[in-house]
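Chains, contacts and geometry: an overview
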Amino acid sequence: MIKQILGKGSVYAKKNKYGNRYWYLEVRYLDENDEQHKKYIRGVTRRDAFVNGDEFIRQTNEDIERINKNEASDCKNVSFNEFCADYLEKVCKRKVKDSTYLRYVTTFKKNLSPQLGDMLMKDISTFDIIDCINKLVDTGLSESTVKKAYLLLSKCFAFYKTVTGSLYSPLEGVEQPRVRVDTGEHIKCFTPAEMEQIRLVSTHCSDNGTLKYANAIVVLAYSGLRVGELLALTWDDIDLINNTIHVGKTISQGVVQENGTVDYSLRIQNMPKSKSGERTIVLHPYAKDALIRMRNKSDGSEYVVSTENHNPVSPGRIYKTFGSILNRCDFQVNGRTGVHSLRHSFATYLIKAGLDSDSVAVYLGHSTDAITKKFYIHDKENIARNKWLQSAVFCA
């Protein structure tokens, strides 16, 4: 959290590998531990960088002023519902993706408000937090859902502690929950033969016009891209000569409006899921072939995957296409088999090809290899023996 803006630093221009030049303005600040950091604000022109930097500084100073002059006494007498709703609207909404903000709001309304809503923030104890988490676990919610609730509580009470100058948070001493519910279903990791069949079926459905977005499935299967990253790609991001894809945008759907309703229109966000999400990846030959077929059918569209009207495609269409392709395959599907299974499969086979986890984390856009190791590497006992991708992944 930013405690104090120290001022602007240098501004410089930098070109990406496609020759596009961006300007970056350095802004220096102190965090809550009085440690100095730098943040770089980007603009298309030098003036844009300064305008964006000034806006960032203005908004941040407003937040700091609200905290410093604050209504500390008022905050101590506010309910959890009031404080958390204010925190989400005034703090979180500016700092996270629209889809992440929507998830926070849903977690607040469905899982936290019914239990803690009317309690005063100052009266909520550690045991109240433990009871809240335990009830979520007892209702059979997934580990992911319970952890989201815990993390939102942590963020909310950390901000409350900063605002009020309190020395205590009821989250102190409460460990992140570990839900051990085995439903028997795990994210599917496809075998090389199954991946090949998915590719062949997708290509066939594209060639005969059965499924409009079948080629997109091939790109996902052999690039490890997230669905949102693929749908935000424009042809300027694709370099078919040097066999690379530049990932720097994502697509989101679902924004909570001021009246509480949700706007499900698509939005292109010029930031990936995390800072590590902006990256340039090498094209697998199969992904390149699919992109060439898509380019030939693009009809002048700016987006790599687009509707008939050259607009971005909603993620739901890709999910539906993938389900149709799986129905045409002759292998049995066990476990959870969403489109994200393709990303897990690709990550696993990169490891089997001999790539280290750090390299795979960079390729997938993970902030650290801890996420890669925990959630994306399947079939660990056969890693050393299986070399399926060794000669196939990056050979153009």
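To start, this report covers the structure provided alongside it. If you're wondering where the values come from, they're calculated on a predicted model, not measured in any experiment.

Let us look at the sheet that holds strand E4 (residues 238-239). Sheet strands line up and pair through hydrogen bonds in the backbone, either parallel or antiparallel. Spatially, E4-E5-E8 is the arrangement adopted by the three strands of the open sheet, whose pairing is antiparallel. Of all the strands in the sheet, the pair left with one neighbour each is E4 and strand E8 (279-282).

All right, on to the environment of Ile325 then. One can find Ile325 in helix H11 (residues 315-328). With a relative accessible area of 0%, Ile325 lands in the buried category. In this structure, the C-alpha to C-alpha distance between Ile325 and Leu200, residues 125 residues apart in sequence, is 9.9 Å. Dropping the residues within four chain positions of it, Ile325 is found in contact with Ile198, Val201, Ser202, Leu211, Ala214 and Ile217.

Inspection of every chain in the model, using the stated rule, returns zero disulfides. The thiol of Cys92 is unpaired, and the distance to the nearest cysteine sulfur, on Cys84, comes to 8.0 Å. Since its relative accessible area comes to 4%, Cys92 is described here as buried. Unpaired in this structure, Cys329 has its nearest cysteine sulfur neighbour in Cys205, at a distance of 8.6 Å.

Attention now moves to the sheet that holds strand E2 (residues 21-31). The three strands are arranged E1-E2-E3 in an open sheet whose pairing can be described as antiparallel. Because the sheet does not close on itself, it has two edges, and the strands there are strand E1 (2-15) and strand E3 (36-43). Strand-to-strand twist of the sheet, defined as the mean angle between neighbouring strand axes without regard to direction, takes the value 25 degrees.

The next thing to look at is the packing of aromatic side chains. Tallying each qualifying case throughout the model produces 11 aromatic pairs. Between Phe83 and Tyr160, the aromatic rings sit 5.3 Å apart at their centres with planes inclined by 85 degrees, giving edge-to-face as the arrangement. Taken together, the residues Phe83 in helix H3 (residues 80-95) and Tyr160 in helix H6 (residues 143-164) connect sequence positions 77 residues apart. One aromatic cluster in this structure is built from Phe80, Phe83, Tyr87, Phe108, Phe157, Phe159 and Tyr160. For the cation-ring pair, Arg42 lies above Tyr22, with the distance from its terminal atom to the ring centre recorded as 4.2 Å. A cation over a ring is seen here: Arg295 above Trp235, with NZ or CZ 4.8 Å from the ring centre.

With that settled, consider unusual backbone geometry. A positive phi is found at Asn243, a non-glycine position, where the angle reads about 60 degrees. The phi dihedral of Asp299 is positive, around 55 degrees, even though this residue is not glycine. Its location among the elements puts Asp299 in the loop between helix H10 (285-296) and H11. The exposure class assigned to Asp299 is exposed, which follows from its relative accessible area of 62%.

In terms of residue burial, helix H8 (residues 214-221) counts as a mostly covered element, since eight of its eight residues are buried. Burial in H8 covers these residues: Ala214, Asn215, Ala216, Ile217, Val218, Val219, Leu220 and Ala221.

Our focus in this paragraph is the packing of H8 against H11. Here H8 crosses H11 at 90 degrees, and the two axes come no closer than 9 Å. As summarised for this structure, H8 and H11 are arranged roughly perpendicular, according to the angle between their axes. In this structure, H8 contributes Ala214, Ala216, Ile217 and Leu220 to the contact, and H11 contributes Ile318, Thr321, Phe322 and Ile325. Counted by class, the contact of H8 with H11 contains seven nonpolar, one polar and no charged residues.

So, about the pattern of salt bridges. One pass over the full model with this rule turns up 13 salt bridges. Of the charged contacts in the structure, one is a salt bridge between Arg28 and Glu26, with a shortest N-O distance of 3.8 Å. The exposure class of Glu26 is buried, given its relative accessible area of 9%. Between Asp237 and Lys249 there is a salt bridge, and its shortest N-O distance comes to 2.7 Å. One end of the pair, Asp237, is in the loop between helix H9 (227-232) and E4; the other, Lys249, is in the loop between strand E5 (244-247) and strand E6 (250-256), and 12 residues separate them in sequence. In this pair, the class of Asp237 matches that of Lys249, namely buried.

Conventions we followed
Residues numbered from 1 in each chain as written. Predicted model: local features only at pLDDT ≥ 70, side-chain atom pairs only at ≥ 80, totals over all residues. Heavy atoms only, no water. Pairing = 2+ DSSP bridges. Helix = DSSP H or I, 4+ residues; strand = E, 2+ residues; numbered from the N terminus. Buried < 20%, exposed > 50% of the residue type's maximum accessible area, 1.4 Å probe, protein only. Contact = heavy atoms within 4.5 Å. Disulfide = S-S within 2.5 Å. Axes fitted to C-alpha atoms, helices over the stretch in contact; angles between N-to-C directions. Phe/Tyr/Trp six-rings, centres within 6.5 Å; stacked < 30°, edge-to-face > 60°. Lys NZ or Arg CZ within 6 Å of the ring centre and 35° of its normal. Parallel < 35°, antiparallel > 145°, perpendicular 65-115°, else oblique. Nonpolar A, V, L, I, M, F, W, Y, C, P; charged D, E, K, R; others polar. Salt bridge = Lys/Arg side-chain N within 4 Å of Asp/Glu carboxyl O.

Keep in mind these numbers describe shape, not what the thing actually does.
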